[in-house]
Amino acid sequence: MSSTNNTLLVVARILLSFIFILSGFGKLTDPSGTAGMITGAGLPAATLLAYAAGLFELVAGLFVLVGFQTRLTAWALALFCVFTGLVFHSGTVAIEGWPEGALGWINTLNQIMLMKNVTLAGGYILLAIIGAGAYSIDARRGAATVAA
């Protein structure tokens, strides 16, 4: 793989890791919003799951950033994106007492979040197939990339 492509893979890893590093850190420092979403989805142990999700997101984001266990991490993130998209963003939001216009806006945002999750899953699947590139911990361990 060329030096340019390996550099672009680093840029892609930075961009793909950014959302999970920040989101994971946010969940670990203030899990209440996530716990509320988890409760709203009918899942048990909401606070525990919020912390678990935060830890997973932070660690997985850091793994992608540095290119450690990239293929496995990318598959895990792809599944996580699809799961969370379907569980938390595929339905219609109905909040009693809210104006119809506000609900329309929230449902549009929810649909965008579902599309974002599905799109990210596609990016992570590509990363799982291609690998981290030469500028990664994986490359130093001999698990670099598929030859291009």
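Residues numbered from 1 in each chain as written. Predicted model: local features only at pLDDT ≥ 70, side-chain atom pairs only at ≥ 80, totals over all residues. Heavy atoms only, no water.

### So, unusual backbone geometry
Right, so step 1: At Ala-45, a position not held by glycine, the phi torsion is positive, near 50°.
Right, so step 2: By secondary structure assignment, the location of Ala-45 is in the loop between helix H2 (32–40) and helix H3 (46–66).
Right, so step 3: Even without glycine at this site, Gln-69 takes up a positive phi of about 50°.
Right, so step 4: Topologically, Gln-69 is positioned in the loop between H3 and helix H4 (70–89). (Helix = DSSP H or I, 4+ residues; strand = E, 2+ residues; numbered from the N terminus.)

### A short note on the side chain of Lys-27
Right, so step 1: Within the fold, Lys-27 resides in helix H1 (residues 3–29).
Right, so step 2: Among the residues examined, Lys-27 registers a relative accessible area of 14% and is labelled buried.
Right, so step 3: In this structure the side chain of Lys-27 is engaged in a polar contact, spanning 2.8 Å, whose partner is the side chain of Ser-23.
Right, so step 4: Among residues more than four places away in sequence, those in contact with Lys-27 are Thr-34, Ala-50, Tyr-51, Ala-53, Gly-54 and Glu-57. (Buried < 20%, exposed > 50% of the residue type's maximum accessible area, 1.4 Å probe, protein only. Polar contact = N/O pair within 3.5 Å; in protein donor to acceptor, adjacent residues only side chain to side chain. Contact = heavy atoms within 4.5 Å.)

### Concerning the side chain of Asn-117
Right, so step 1: Mapped onto the fold, Asn-117 is located in helix H5 (residues 100–130).
Right, so step 2: For Asn-117, a relative accessible area of 4% corresponds to the buried category.
Right, so step 3: Excluding its chain neighbours within four sequence positions, the residues that come into contact with Asn-117 are Cys-81, Thr-84, Gly-85 and His-89.

### Considerations on a nonpolar patch on the surface
Right, so step 1: On the surface, a nonpolar cluster with roughly 520 Å² of combined accessible area is contributed by Met-1, Trp-75, Ile-125, Leu-126, Ile-129 and Ile-130.
Right, so step 2: Among the elements that make up the nonpolar patch, the one with the highest residue count is H5 (four residues).
Right, so step 3: Tracing the chain through its elements places Met-1 in the segment before H1.
Right, so step 4: Relative accessible area serves as the criterion here: at 35%, Met-1 is assigned to the partly exposed category. (Patch = residues over 30% accessible without salt bridge, like charges linked within 9 Å, V, L, I, M, F, W, Y side chains within 5 Å. Areas by Shrake-Rupley, 256 points an atom, 1.4 Å probe, with all protein chains shown as cover. Salt bridge = Lys/Arg side-chain N within 4 Å of Asp/Glu carboxyl O.)

### Focus: the packing of aromatic side chains
Right, so step 1: The full count for this structure, using the stated rule, is four aromatic pairs.
Right, so step 2: Ring centres of Phe-20 and Phe-80 lie 6.0 Å apart, and the angle between their planes is 70°; on these two criteria the pair is classed as edge-to-face. On the criterion of sequence distance, the pair formed by Phe-20 in helix H1 and Phe-80 in helix H4 is long-range, its members being 60 residues apart.
Right, so step 3: Seen from their ring centres, Phe-63 and Phe-68 are 4.8 Å apart, and the 85° between their planes marks the pair as edge-to-face.
Right, so step 4: When its relative accessible area of 28% is taken as the criterion, Phe-63 is described as partly exposed.
Right, so step 5: Among the aromatic residues, those joined into a ring-pair cluster are Phe-20, Phe-56, Phe-80 and Tyr-124. (Phe/Tyr/Trp six-rings, centres within 6.5 Å; stacked < 30°, edge-to-face > 60°.)

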